[in-house]
Amino acid sequence: MRFNYHGQEARLSWFTQELVTTSLDTVYGRELLCRGYITETGAQIPMEALISYLYLHSEILLTMTCQQIRDSCDHQPLGGKSISSWSNIGGPLIAEQHLFRQLWRDSLRSLSPLQKQALVLEICESDIGDEQVIERVAFLKKKGFMIAMDDFGAGHSNLLRLNQAEFDIIKLDLNLLSQVPSDLWAASFYREIVNLCASKGCLIVAEGVETPAQSDFVRWAGVDLIQGYLYSTPELWVDSVTKTAYQQPIRA
C-alpha cells in the first residue's frame, strides 16, 4: 500500500509478532503490525510519527486496516494450524460513525464464521472514551468477533473501563513491566491488575516481556499469554505493495 507522507511517496509493510501460551510450548496467535518506509530512500518512518499521521489521515488508516484484515484472512499459517490473527482497530475507526460503518461494510461484514473465530480485534484503552464506542464494541462481539483491550494500564488508566464494555482479552501495557520484578511495589501492583482482569473472565496478555525474570514473574502472576522480544521479534510477513506473503513456521 502506497500513500503520501508529508509530500513524499511512502509504503507500508506488514510484520507479525507471535503470542505464546504461558506453557511456552504453543503459539496462540500473531499480531499484525505495520511499518512505514519512504519509497525513495527506504528509510523507516518512526512509529510514533507514523501512527500520529495515520490518525490524522483517517482514510489512509481505514484503507490500511481493511487491507490488513483481508491479508490476514487470505494467508493462513503453514500446515493449516489454528492460530489467531490479531489486528489493531485505530481510534478514529471505532470512534467516528462513518468510518466504523465503512470498516464494517468493506472488511468485516463479509467474513465467514470461521474467519471471525480466527480474528482478534484490538482496541486501545485510550480510545474507549464514550458510550458510542462501547456500543460498537458490543456490536462487534454480537457479530462473533473476539475483542481485546490493548495497552491496558498505559498512562493514567481508568480501571472503571473494565466495567464499561465486555472484552474477551486484556493486554497489559508493556510499561507496567518496566520495574518488574525488581521493584516490590510495581510487582505487587502488576499482580493486583492481573487478579482484577481475571475476575472479569478475560484472557490476559503480558506485553513487553524481554527477560527470563519477567517471563517467570508474569507466569507466576497468572497471565494466560505472553508477547515480547524474549520469545518473538516482529518479522516481515506481507509486503502490502507486492502482496508477497512470508509465512512463518510455528516454533514449539
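See the structure printed just above.
The notes below deal with the structure included here. (Residues numbered from 1 in each chain as written. Predicted model: local features only at pLDDT ≥ 70, side-chain atom pairs only at ≥ 80, totals over all residues. Heavy atoms only, no water.)

1. Notes on the overall build of the protein
Argument step 1. The secondary structure content of the protein amounts to 9 helices and 10 strands.
Argument step 2. In the protein, which comprises 252 residues, the share counted as buried stands at 49%.
Argument step 3. Long-range pairs, those at least 24 residues apart, make up 64% of the contacts in the protein between residues at least 6 apart in sequence. (Helix = DSSP H or I, 4+ residues; strand = E, 2+ residues; numbered from the N terminus. Buried < 20%, exposed > 50% of the residue type's maximum accessible area, 1.4 Å probe, protein only. Contact = heavy atoms within 4.5 Å.)

2. What to know about the nonpolar core
Argument step 1. The biggest cluster of nonpolar side chains holds 68 residues, and the ones touching the most others in it are Leu108, Leu172 and Tyr190.
Argument step 2. The element contributing the most residues to this core is helix H2 (residues 58-74), with 7 residues.
Argument step 3. Ignoring any residue separated from it by four or fewer positions in sequence, one finds Leu108 in contact with Ile69, Leu103, Lys116, Leu119, Leu121, Leu140 and Phe145.
Argument step 4. Counting residues in each nonpolar core, the second largest holds 7 residues, with Leu19, Trp86, Val120 and Ala148 among its members. (Core = buried A, V, L, I, M, F, W, Y, C linked by side-chain atoms within 4.5 Å.)

3. As for the packing of H2 against helix H4 (residues 97-108)
The angle between the axes and the distance between the axes are what describe a pair of packed helices.
Argument step 1. For the pair H2 and H4, the least separation of the axes is 10 Å and the interaxial angle reads 25°. With respect to their mutual orientation, H2 and H4 come out roughly parallel. H2 and H4 meet at a crossing whose hand is right-handed. Across the interface between the two elements, Ser58, Glu59, Leu62, Thr65, Cys66, Ile69 and Arg70 of H2 pack against His98, Leu99, Gln102, Leu103, Asp106, Ser107 and Leu108 of H4.
Argument step 2. Looking at the contact of H2 with H4 residue by residue, the classes come out as 6 nonpolar, 5 polar and 3 charged. (Axes fitted to C-alpha atoms, helices over the stretch in contact; angles between N-to-C directions. Parallel < 35°, antiparallel > 145°, perpendicular 65-115°, else oblique. Left-handed = near helix turned anticlockwise from the far one by under 90°. Nonpolar A, V, L, I, M, F, W, Y, C, P; charged D, E, K, R; others polar.)

From the geometry alone we can't say anything about function, so treat these as descriptive.
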